[in-house]
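Observations on the three-dimensional arrangement
One-letter residues, chain by chain:
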Amino acid sequence: MFGEQHPEKPIYSVFSDDPFYSDLLELFVVAIPDRIQHLKTSAQRCDWEEVRRTVHQFKGSAASYGFGTISLAAAELEQAIRNRTPESVLAEMTEAFCKLCCRVRSRGADQPAATPAS
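Presented here is a report on the structure given in the accompanying data block.

What counts, and at which threshold
- Residues numbered from 1 in each chain as written.
- Predicted model: local features only at pLDDT ≥ 70, side-chain atom pairs only at ≥ 80, totals over all residues.
- Heavy atoms only, no water.
- Salt bridge = Lys/Arg side-chain N within 4 Å of Asp/Glu carboxyl O.
- Helix = DSSP H or I, 4+ residues; strand = E, 2+ residues; numbered from the N terminus.
- Buried < 20%, exposed > 50% of the residue type's maximum accessible area, 1.4 Å probe, protein only.
- Axes fitted to C-alpha atoms, helices over the stretch in contact; angles between N-to-C directions.
- Parallel < 35°, antiparallel > 145°, perpendicular 65-115°, else oblique.
- Contact = heavy atoms within 4.5 Å.
- Nonpolar A, V, L, I, M, F, W, Y, C, P; charged D, E, K, R; others polar.
- Patch = residues over 30% accessible without salt bridge, like charges linked within 9 Å, V, L, I, M, F, W, Y side chains within 5 Å.
- Areas by Shrake-Rupley, 256 points an atom, 1.4 Å probe, with all protein chains shown as cover.
- Phe/Tyr/Trp six-rings, centres within 6.5 Å; stacked < 30°, edge-to-face > 60°.

The next subject is the pattern of salt bridges. Once the charged atoms of two side chains with opposite charge are near each other, the side chains can pair. Within the structure shown, the criterion is met by six salt bridges. A salt bridge links Arg53 to Glu50; the nearest nitrogen and oxygen atoms lie 2.5 Å apart. Taken together, the residues Arg53 and Glu50, both in helix α2 (residues 48-64) and three residues apart, mark about one turn of the helix. Of the residues examined, Glu50 reaches a relative accessible area of 15% and is grouped as buried. Put simply, Glu78 and Arg82 hold a salt bridge, and the shortest N to O gap is 3.0 Å. Placement of the pair is Glu78 and Arg82 together in helix α3 (residues 68-82), with a separation of four residues, close to one helical turn. You can call Glu78 buried: its relative accessible area is 3%. Classification of Arg82 by relative accessible area gives partly exposed; the value is 47%.

Our next topic: the packing of helix α1 (residues 22-44) against helix α4 (residues 87-101). With their axes 10 Å apart at the nearest point, α1 and α4 run at an angle of 175° to one another. In this view, α1 runs roughly antiparallel relative to α4, as classed from their interaxial angle. In this structure, α1 uses Ile32, Ile36, Leu39, Lys40 and Ala43 to contact α4, whose residues at the interface are Thr94, Glu95, Phe97, Cys98 and Cys101. Here the residues of the contact of α1 with α4 sort into seven nonpolar, one polar and two charged.

Where nonpolar side chains cluster on the molecular surface, the patch consists of Phe20, Leu24 and Leu27 and spans about 340 Å² of accessible area. Here Leu27 shows up in helix α1. Overall, the relative accessible area of 60% leaves Leu27 in the exposed class.

Right, let's get into the packing of aromatic side chains. Across all of its chains, the model carries six aromatic pairs by this definition. Taking 5.2 Å as the distance between ring centres and 90° as the angle between the ring planes, the aromatic pair formed by Phe20 and Tyr21 counts as edge-to-face. Look at Phe20 and you get exposed, because its relative accessible area is 63%. Looking at Tyr21, the relative accessible area reads 22%, which means it is partly exposed. Their ring planes at 20° and their centres at 5.3 Å tell us that Phe28 and Phe67 sit as a pair that is stacked. Of this pair, Phe28 sits in helix α1 while Phe67 sits in the loop between α2 and α3, and the two are 39 residues apart along the sequence. Phe28 gets classed as buried once you look at its relative accessible area, which sits at 5%. The class for Phe67 is buried, based on a relative accessible area of 0%.

Structure (structure tokens):
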């Protein structure tokens, strides 16, 4: 599934070295825990349309901020929902997507994204 080759490796934006983007990237990364919690809650309720809507937004914003890995994973999950993939598989994919998103960093390995309360 998503990013399994290096499950602990941080994910940085292609813009992470550009000072123009530093504040924007930080805002994006800081918002991730709330978005992850929303995804998890929606998945627990089996509200796949809300999960689809949320990952669709993730897909666009991640691409805009230079996080291609996240955007591609969001597109894969979105398509799985559109294809009416079994709920058990969607739940696993959503969890894997959330774990992938927890690896996003705005800059430097010493600045991890906060993880949401489980």
